[in-house]
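Chain by chain, the residues:
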Amino acid sequence: MDDKAQADKRYGGCKCFVSESGFSMFALGVEGDRAGWLYDVFVSPRERKPVVAALIRLAVKQGARQLVTYEHPFLEWFFLQFGFETRIRVKHSQLNNPPQEWIPDSVASGFSCPDFLCMVRKDDYTIGPSMMSDTEDFASRAGTVFCDQYCASCGSELPALRWLNVFGGYQCRRGCGTLHVEGALTLAPWDGDGSASVPQPGRFSSGADLLRFAKQG
Ligand SMILES: [Zn+2]
């Protein structure tokens with residue numbers, strides 16, 4: 001498959017949104033099994049910081065209903081603020097032929113593959129952003145590194161975390177409360193090959209399959 005055919009397949013039945021700077025994007029499924037999926041959310045470190053939350057709010061306004069992300073408390077907490085709730089946590093080994101790019105590159109260098117969360121948006125969500133526990137609590141997670149940064153809004157010094165080269169971010173807890181995340185924030189749903197006609201308990205053969213289960217829970 002050439003690049004264009006690959007992009008057509010990946011982004012078929014969806015709308016792609018790119019930030020003004022061109023540094024960030026997301027895809028939103030609008031047709032068929034992809035409807036409502038918020039996927040391939042990517043934020044470049046060069047992006048202006050307030051853009052990230054605006055991007056997710058836009059996605060929600062445009063109809064984002066569900067997503068898959070890596071199981072990490074910071075990412076989970078980030079999406080909670082926009083009304084997404086974790087419905088199901090799965091291991092890579094429970095998925096039939098998931099996309100290769102779901103496995104972070106760092107797994108090749110010895111880290112185990114993280115679990116995945118399927119999060120579904122609640123209709124009646126009204127609670128705004130709140131403070132989470134200190135990002136330093138995540139230090140015990142394999143693959144986490146910290147570096148000192150300055151808050152993009154108020155300039156307070158704070159510990160920013162990076163995890164497995166997947167994402168990075170911080171919340172300015174001692175200052176203005178700004179939350180920032182960057183990197184690959186959600187994964188693409190996969191279509192499956194239709195081979196698993198009989199559902200097997202605890203195994204999932206497509207994004208739609210995962211979502212069906214998530215909605216029952
Ligand atoms: Zn701040």
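Up top you'll find the structure we're talking about.
The structure presented is a predicted model; accordingly, all values stated were derived computationally and were not measured. (Residues numbered from 1 in each chain as written. Predicted model: local features only at pLDDT ≥ 70, side-chain atom pairs only at ≥ 80, totals over all residues.)

Trainee: Where do I start with helix H4 (residues 207-216) in this structure?
Mentor: An α-helical turn contains 3.6 residues, so any two residues separated by three or four positions project in the same direction. Of all the positions in H4, only Gly207, Leu210, Leu211 and Ala214 are classed as buried. End-on, the buried residues of H4 take up no more than an arc of 95 degrees, which puts them together on one face. Across from the buried face of H4, at angles greater than 90 degrees, the exposed residues are Arg212 and Gln216. Looking at the buried side of H4, the elements it contacts are strand S4 (66-70), strand S5 (84-90) and strand S6 (116-121). (Buried ≥ 20, exposed ≤ 12 C-beta atoms within 10 Å, placed from the backbone. Helix = DSSP H or I, 4+ residues; strand = E, 2+ residues; numbered from the N terminus. Arc of directions from axis to C-beta. Contact = placed C-beta atoms within 7 Å.)

Trainee: Please explain the nonpolar core as it appears in this structure.
Mentor: The nonpolar side chains of a soluble globular protein tend to be buried with one another. Counting residues in hydrophobic clusters, the biggest one holds 46 residues, and the most contacted among them are Leu38 and Leu67. Setting aside residues no more than four positions away along its own chain, Leu38 makes contact with Phe26, Leu28, Ala59, Ala64, Leu67 and Thr186. (Core = buried A, V, L, I, M, F, W, Y, C linked by C-beta atoms within 7 Å.)

Trainee: Would you take a moment to explain the sheet that holds strand S1 (residues 14-18) for this structure?
Mentor: Read across the open sheet, the seven strands follow the order S1-S2-S3-S10-S9-S8-S7; overall the sheet is antiparallel. Whereas interior strands pair on both sides, the edge strands pair on one side only; in this sheet they are S1 and strand S7 (144-150). The average undirected angle you get between the axes of adjacent strands in this sheet is 25 degrees. (Pairing = 2+ DSSP bridges. Axes fitted to C-alpha atoms, helices over the stretch in contact; angles between N-to-C directions.)

Trainee: Can you walk me through the sheet that holds S6 in this structure?
Mentor: The strands making up a sheet associate through hydrogen bonds between their backbones, and the pairing can be parallel or antiparallel. Strand order in the open sheet formed by three strands is S4-S6-S5, and the pairing between neighbours is antiparallel. One side of each edge strand has no neighbouring strand; the edge strands of this open sheet are S4 and S5. The mean inter-strand angle of the sheet, taken between neighbouring strand axes irrespective of direction, is 30 degrees. Here S4 pairs with S6 via five bridges, running antiparallel. Its bridge partner lying in S6, Gln66 is registered against Val120. In the packing of helix H3 (residues 73-80) onto the sheet, the strands contacted are S4, S5 and S6, and the crossing angle to S4 comes to about 160 degrees.

Trainee: I tried to follow the environment of Phe26 on my own but got confused; where do I start?
Mentor: Within the secondary structure, Phe26 sits in strand S2 (residues 24-29). Residue classification places Phe26 among the buried positions, given that 25 C-beta atoms sit within 10 Å. Linking Phe26 and Cys151, residues 125 residues apart in sequence, is a C-alpha distance of 24 Å. When sequence neighbours within four positions are dropped, the list of residues in contact with Phe26 reads Phe17, Leu38, Asp40, Val41, Leu55 and Ala59.

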